[in-house]
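Structural characterization, general
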Amino acid sequence: DVKVTQSSRYLVKRTGEKVFLECVQDMDHENMFWYRQDPGLGLRLIYFSYDVKMKEKGDIPEGYSVSREKKERFSLILESASTNQTSMYLCASNPTTNEKLFFGSGTQLSVL
Amino acid sequence: SQKIEQNSEALNIQEGKTATLTCNYTNYSPAYLQWYRQDPGRGPVFLLLIRENEKEKRKERLKVTFDTTLKQSLFHITASQPADSATYLCALGLTGGGNKLTFGTGTQLKVEL
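These figures come from a predicted structure and were not determined experimentally.

**Concerning the interface of chain A and chain B**
Between chain A and chain B, the contact holds 23 residues from the first and 19 residues from the second. Across the chain A/chain B interface, buried area totals approximately 1700 Å², and carbon plus sulfur atoms make up 52% of it. Inspection of the chain A/chain B interface yields one salt bridge. The salt bridge partner of Lys100(B) is Asp59(A), with a shortest N-O separation of 3.6 Å. Between the two partners, chain A and chain B, sit four residue pairs in polar contact (both at pLDDT 80 or more).

Structure follows, in structure tokens:
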């Protein structure tokens, strides 16, 4: 089975801190994604990557950046965390375009 | 504006009945549609994919229909069980949208004994 692993289930950070969320997939997938999920708003795409060192903005990239130095790892970076970035963050991957997504278990981030 | 609508209210049904969940969309031209299941505190899990040229897809007790004229997908769970209780998300893959999926907000299903 494909495994997408997110480094933390719960994270508490202070406003202004730099935050790194890490995601690793073990099935050599080309594409990786970062979503955030908020009640009433559903999943919204932040960034995605279709190859090492390649990235594309999703629907809500403001306040975030990403890094993909190795194929299996996709990091989401909050340069200066703010309270409105408190959310559930979900990483996903898929092998090729237009295929199903495999999600990690999520990281619940609280910014105080 | 573009919208994907799923019933925001929870759907409560009795064990053994068929659950029907709705996904409506406006101002989209989806190439395909996917359904996911999400349990509390977990990431979504893929269930079914249906393409724009397909009317219906089945997998065990699950059935999905896709009507591009009505701009609607229906998701059916037959012989429902308490273990089917979860939130179900629909997601659209758009024509020319590359690899991006746009998700609805989900419908919570509760199957009671």
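**A word on the pairing of strand S7 (residues 64–70) of chain A**
Along any regular strand, the residues point their side chains to alternate faces of the sheet. Residues and elements named next belong to chain A. Strand direction decides the pairing type here: S7 and strand S8 (residues 73–78), joined by five bridges, are antiparallel. For Tyr 64, the partnering residue across the bridge sits in S8 and is Leu 78. Counted between consecutive antiparallel strands, the loop separating S7 from S8 contains two residues.

**Quick notes on the nonpolar core**
Ranked by size, the top nonpolar core spans 23 residues in total, and within it Ile4(B), Leu33(B), Trp35(B), Phe75(B), Ile77(B), Tyr88(B) and Leu109(B) carry the most contacts. Within the residue set of this core, elements represented by two or more residues are strand S3 (19–26), strand S4 (30–38), strand S5 (45–51), strand S7 (62–67), strand S8 (72–77), strand S9 (86–94) and strand S11 (107–112) of chain B. Discounting chain neighbours no more than four positions away, the residues touching Ile77(B) are Lys17(B), Thr18(B), Ala19(B), Arg61(B), Leu62(B), Asp84(B), Tyr88(B) and Leu109(B). Counting residues in each nonpolar core, the second largest holds 20 residues, with Leu21(A), Cys23(A), Trp34(A) and Val111(A) among its members.

Thresholds applied
- Residues numbered from 1 in each chain as written.
- Chains lettered and ligands numbered in written order.
- Predicted model: local features only at pLDDT ≥ 70, side-chain atom pairs only at ≥ 80, totals over all residues.
- Heavy atoms only, no water.
- Contact = heavy atoms within 4.5 Å.
- Buried area = accessible area lost by both parts, 1.4 Å probe.
- Salt bridge = Lys/Arg side-chain N within 4 Å of Asp/Glu carboxyl O.
- Polar contact = N/O pair within 3.5 Å; in protein donor to acceptor, adjacent residues only side chain to side chain.
- Pairing = 2+ DSSP bridges.
- Helix = DSSP H or I, 4+ residues; strand = E, 2+ residues; numbered from the N terminus.
- Core = buried A, V, L, I, M, F, W, Y, C linked by side-chain atoms within 4.5 Å.
- Buried < 20%, exposed > 50% of the residue type's maximum accessible area, 1.4 Å probe, protein only.

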